[in-house]
Amino acid sequence: MSLPIIAREPLHFDCLQCGECCRAWTVPVPVAHVKQHLQVDWVRERAKEMKEAGVGPLLPSKRGAAVCTLNTGVGETLDCVFLGESGLCDIHARIGVEAKPSPCRQFPFHFTETPAGVEAFLDPACKAVSAGAGPEIPIAELQEVAERGTVEELGDLEWRAGKAMSWEEYDGLRATIRAVLTSDTPINERAWRAWHLARTNEEPTGAYADRGVDPLGRRLVMTMLLLVFRNAWEQKRRGQASLARSLRLLRLAFGLLFGGGRVPIEARGIVVNAGDVDELPWDPDAPAIRPTLDRWLVGFTDRHELAPMAARGGGLLLANLFLISWFSRAVASAAGRDVTATDVVDGIQLTEKFSGSRMLGPQIGRGALGVGLRSILEGPSLPRQVLR
């Protein structure tokens, strides 16, 4: 690899063997990899069992396709069919690490090629990463992972739709926002300043405390973002669009807008009342919570969340922070306790896995949900709606 590896913060990781990275993902796999590694008797037998159980084909692909989709979601939590009872990968245990699909081998490592070098970061959808678990990873090890894995491209850069941004402008803006997000000021104030910088490339005038709040707007934004979560889960759980799914989403929207509503979080096997969740105390600067949120904020610019569109990236920051607070309180509410650091780790994972940039970004522009989402993320009132 000709470009150097860059890690803007020390990266810490040690697998907790929780199995969460083997749930509710759709993994692209080259057909050549399947033919080379997965054409073995026990895999064929498992595929036959899935088909007989009505789950569907294990490795569906079109004839002649170069890549197929590993359809691994079974059960209520959508466990990978190769996830063993011990919480470890059966492919890894029975065939070897090289037989695992590349995304599985590389997770939670990500690499992005930039003019300055190949930047490395760790995926906060991994519980160990959000919890800050493990020793520091040497640059030499990151280089080795990158050389045998996938390096993504940064893509085109814009301030906002139709207004291009150079790499130098982008990197300067990112450095400024990163300095804000790693400061010692209260978390909500940091997020507010970063959002304003992403939209205007200027520091906000006035004080964070004077920004005002919008309770009705908050409920509307909560409804939209939780619909994105439910839509993402329903797609993974039951496939493509259907009338029944649309009716379930409409019922959820009605409940959230007019009566609190009950929200199923099947990824955790719980159902919570939205009103109870909203009433649960949330202080992002509490000593038990702030270190976990600080780790997530530090990674925001390192993960290039401001690309390709900085103004929308600022909206993603606030929307994701709101979702983390909501899911953290939801998990705590279901357990009958105040929010703990463990709940925040759960909140980060649920946000990143089902509702964060992975889902919010691609959903923009798709139907009525996408149009509403774009107006929220790119609108001028988001801080008043999501920051208490």
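As shown above, the structure is provided for reference.
A few points on the structure. Every chain's residues receive numbers from 1 upward, in the order its sequence appears when written. Residues qualify for local features only when their pLDDT is at least 70, as the model is predicted, and side-chain atom pairs are given and counted only at 80 or more; totals for whole chains, interfaces and linings, by contrast, use all residues. Excluded from the side-chain calculations are hydrogens and water; all other atoms, namely the structure's heavy atoms, are used.

1. Digging into the pattern of salt bridges
Then comes step 1: Basic side-chain nitrogens of Lys or Arg form a salt bridge, by our definition, when they fall within 4 Å of a carboxyl oxygen of Asp or Glu. As enumerated under the stated definition, the model contains 27 salt bridges in all.
Then comes step 2: Glu-9 is paired through a salt bridge with Arg-178; the nearest N and O atoms lie 3.2 Å apart. Placement of Glu-9 in the loop between strand E1 (5-6) and strand E2 (27-30) and of Arg-178 in helix H7 (residues 167-181) is noted, with a sequence separation of 169 residues between them.
Then comes step 3: Of the charged contacts, one joins Arg-44 and Asp-41 as a salt bridge, the two residues approaching to 3.1 Å between their closest N and O atoms. Think of it this way: any DSSP run of H or I at least four residues long counts as a helix, any run of E at least two long counts as a strand, and we number them from the N terminus.

2. Quick look at the pairing of strand E5 (residues 117-122)
Then comes step 1: Relative accessibility under 20% of the residue-type maximum defines a buried residue, over 50% an exposed one, and the middle range a partly exposed one, all with a 1.4 Å probe and only protein chains included. Most of E5 is tucked away, with six of its six residues classed as buried.
Then comes step 2: Here the rule is simple: two strands pair whenever DSSP picks up at least two bridges between them. Here two bridges tie E1 to E5, and the two strands are oriented parallel to one another. When the bridges of E5 are listed, Ile-6 appears paired with Glu-119.
Then comes step 3: The pairing of strand E4 (residues 109-114) with E5 spans six bridges and is classified as antiparallel.

3. Let's talk about the sheet that holds strand E6 (residues 152-153)
Then comes step 1: Ordered in space as E1-E5-E4-E6, the four strands form an open sheet in which the pairing is mixed. The two strands at the open ends of the sheet, each matched to only one other strand, are E1 and E6.
Then comes step 2: Across two bridges, the pairing between E4 and E6 is parallel. Counted as the bridge partner of Thr-112 is Glu-152 from E6.
Then comes step 3: Sitting on the sheet, helix H6 (residues 139-148) touches E1, E4 and E5, and the angle it makes with E4 is about 85 degrees. Throughout, a contact is declared for two residues whenever any of their heavy atoms are within 4.5 Å. Fitted lines through C-alpha atoms serve as axes, helices being fitted only where they are in contact, and the angles separating the N-to-C directions of these axes extend from 0 to 180 degrees.

4. Let's talk about the side chain of Arg-46
Then comes step 1: Tracing the chain through its elements places Arg-46 in helix H2 (residues 41-52).
Then comes step 2: When its relative accessible area of 17% is taken as the criterion, Arg-46 is described as buried.
Then comes step 3: A polar contact is formed between the side chain of Arg-46 and the side chain of Asp-90, at a distance of 2.9 Å.
Then comes step 4: Setting aside its immediate chain neighbours within four residues, Arg-46 contacts Val-81, Phe-82, Asp-90 and Arg-94. Nitrogen and oxygen atoms within 3.5 Å of one another constitute a polar contact, given that in protein one can donate a hydrogen and the other can accept it, and given that sequence-neighbouring residues count only through two side-chain atoms.

5. Quick notes on the packing of aromatic side chains
Then comes step 1: Pairing of aromatic side chains here covers Phe, Tyr and the six-membered ring of Trp, requires ring centres within 6.5 Å, and sorts the geometry by plane angle: under 30 degrees stacked, over 60 edge-to-face, intermediate tilted. Evaluation of the coordinates by the stated rule reveals eleven aromatic pairs.
Then comes step 2: Between Phe-229 and Phe-327, the ring centres sit 4.9 Å apart and the planes meet at 50 degrees, which makes this aromatic pair tilted. Residue Phe-229 is located in helix H9 (residues 215-238), and its partner Phe-327 is located in helix H13 (residues 310-335); the two are separated by 98 residues in the primary sequence.
Then comes step 3: Judged by its relative accessible area of 0%, Phe-229 falls in the buried class.
Then comes step 4: Between the aromatic rings of Trp-233 and Phe-354, the centroid separation amounts to 5.2 Å while the plane-to-plane angle is 70 degrees, which identifies the pairing as edge-to-face. Taken together, the residues Trp-233 in helix H9 and Phe-354 in helix H14 (residues 341-355) connect sequence positions 121 residues apart.
Then comes step 5: Here the aromatic residues Phe-229, Trp-233, Trp-326, Phe-327 and Phe-354 are joined through ring pairs into a cluster of three or more.
Then comes step 6: Cation over ring: Arg-94 sits above Trp-42, and NZ or CZ is 4.3 Å from the ring centre. Any Lys NZ or Arg CZ found within 6 Å of a ring centre and within 35 degrees of that ring's normal is scored as a charge over the ring.

6. Some details on helix H16 (residues 367-378)
Then comes step 1: With twelve residues, H16 should reach 16 Å at 1.5 Å per residue; the first-to-last C-alpha distance of 17 Å fits that figure.
Then comes step 2: Listed as buried for H16 are Gly-370, Gly-372, Leu-373, Ile-376 and Leu-377. End-on, the buried residues of H16 take up no more than an arc of 165 degrees, which puts them together on one face. Expected span of a helix, by definition, is 1.5 Å for each gap between consecutive residues, and there is one gap fewer than residues. Think of it as the arc spanned by the lines of direction from the helix axis to the C-beta atoms.

7. Some points on the nonpolar core
Then comes step 1: Working definition of a nonpolar core: buried Ala, Val, Leu, Ile, Met, Phe, Trp, Tyr and Cys residues. They are joined through side-chain atoms within 4.5 Å. Judged by nonpolar contacts, the single largest core of 77 residues is most densely connected at Val-263, Ile-265 and Trp-326.
Then comes step 2: Residues contacting Val-263, with those up to four places away along its chain left out, are Leu-226, Leu-252, Leu-256, Ile-270, Val-271, Val-272, Ala-274 and Trp-326.
Then comes step 3: Core analysis: the next-biggest nonpolar cluster, separate from the first, contains 17 residues, Trp-42, Leu-70, Cys-80 and Val-81 among them.

None of this, on its own, says anything about what the molecule does.
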